Amino acid sequence: MPAAKKCLEDRSAVIKALGHPSRLRIAEALMKGEMCVCDLKDLVGADMSTVSKHLTLMREAGVLNCEKRGLNIYYSLACDCFADFLRCVDRLACGGKKTTCC
């Protein structure tokens, strides 16, 4: 597969990983620091199976890092620029002027 096509597919996977309200809520919460999967379950308000599927999709896309400690798994964002990205999206999506954001 050509490198340009692979890059497009990888970008698409990242956007898809962020393209659900629950996954955005998880990512926003992780901007404050790592969290245990049990805390994320409570935050999203869904059963463990659903939250695990969201987390797996996000991890496979490269959005999240995870670390197992004892019986718990802790998640963190894989990049520090997520807040900047959200500010840009908010300017476009949340009633702001429809102009460039950066």
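Computed from a prediction, not measured in an experiment: that's the story for all the values here.

J.: Please set out the overall build of the protein residue by residue, giving values where relevant.
T.: A count of helical and extended segments in the protein gives five helices and three strands. Traced from its N-terminal end to its C-terminal end, the protein shows the element sequence α-α-β-α-α-β-β-α. Taken along the three principal axes of its C-alpha coordinates, the protein extends 45 × 40 × 20 Å. Going through the 102 residues of the protein one by one, you find that 25% of them count as buried. Within the protein, residue pairs in contact and separated by at least 24 positions form 48% of the contacts whose partners lie at least 6 positions apart. Only carbon and sulfur atoms are counted for the fraction: they give 57% of the accessible area of the protein, which is about 6900 Å². The averaged location of the 12 negative side-chain charges in the protein is 6 Å from the averaged location of its 16 positive side-chain charges.

J.: Quick one: what's the story with the pattern of salt bridges, residue by residue and with numbers?
T.: For the coordinates displayed, the defined rule picks out five salt bridges. The salt bridge partner of R69 is E34, with a shortest N-O separation of 2.7 Å. Within this pair, whereas R69 is found in strand β2 (residues 64-69), its partner E34 is found in the loop between α2 (21-30) and β1 (35-36), the two being separated by 35 residues in sequence. For R69, a relative accessible area of 34% gives the class partly exposed. Across the pair R87 and D84 runs a salt bridge whose closest N-O atoms are separated by 2.2 Å. Here R87 pairs with D84, and both are found in helix α5 (residues 82-93), just three residues apart, close to one helical turn.

J.: Can you break down the state of the cysteines residue by residue, with the values?
T.: Tallied over the entire structure, the rule returns zero disulfides. With no disulfide of its own, C7 lies closest to C81 among cysteine sulfurs, the gap being 14 Å.

J.: Can you explain the packing of aromatic side chains? Please cite residues and give values.
T.: Each aromatic ring pair is specified by the distance between its two centres and by the angle formed by the two planes. A complete count under the given rule lists one aromatic pair for this structure. When the ring of F82 is compared with that of F85, the centres are 6.1 Å apart and the planes differ by 35°; the resulting orientation is tilted. Placement of the pair is F82 and F85 together in helix α5, with a separation of three residues, close to one helical turn. Positioned above the aromatic ring of Y74, the side-chain terminus of R69 is 4.4 Å from the ring centre.

What counts as what
- Here, residues in each chain are numbered from 1, in the same order as that chain's written sequence.
- In keeping with the predicted nature of the model, local features appear solely for residues at pLDDT of at least 70, side-chain atom pairs appear and are counted solely at 80 or more, and the whole-chain, interface and lining totals rest on all residues.
- Excluded from the side-chain calculations are hydrogens and water; all other atoms, namely the structure's heavy atoms, are used.
- Helix numbering and strand numbering both begin at the N terminus, where a helix is a DSSP run of H or I of at least 4 residues and a strand a DSSP run of E of at least 2.
- Summary of the burial criterion: residues with accessible area below 20% of their type's maximum are buried, those above 50% are exposed, and those between are partly exposed, where the area comes from a 1.4 Å probe applied to protein chains only.
- A contact between two residues is defined here by any heavy atoms of the two lying within 4.5 Å.
- Exposure was quantified through the Shrake-Rupley algorithm and a 1.4 Å probe, taking into account, for residues, occlusion by the shown protein chains and nothing else.
- Only four residue types enter the tally: Lys and Arg on the positive side, Asp and Glu on the negative side; His and the chain ends are excluded.
- Charged groups are reduced to one reference atom each: NZ for lysine, CZ for arginine, CG for aspartic acid, CD for glutamic acid.
- We count a salt bridge whenever a side-chain nitrogen from Lys or Arg sits within 4 Å of a carboxyl oxygen from Asp or Glu.
- Two cysteine sulfurs form what is called a disulfide whenever their separation falls within 2.5 Å.
- Any two rings among Phe, Tyr and Trp, with Trp reduced to its six-membered ring, count as a pair given centres within 6.5 Å; such a pair is stacked if its planes are under 30 degrees apart, edge-to-face if over 60, and tilted if neither.
- Ring-over charges, as used throughout, are those where CZ of Arg or NZ of Lys falls within 6 Å of the ring centre and within 35 degrees of the ring normal.

Such coordinate-based values are descriptive only and should not be taken to indicate function.
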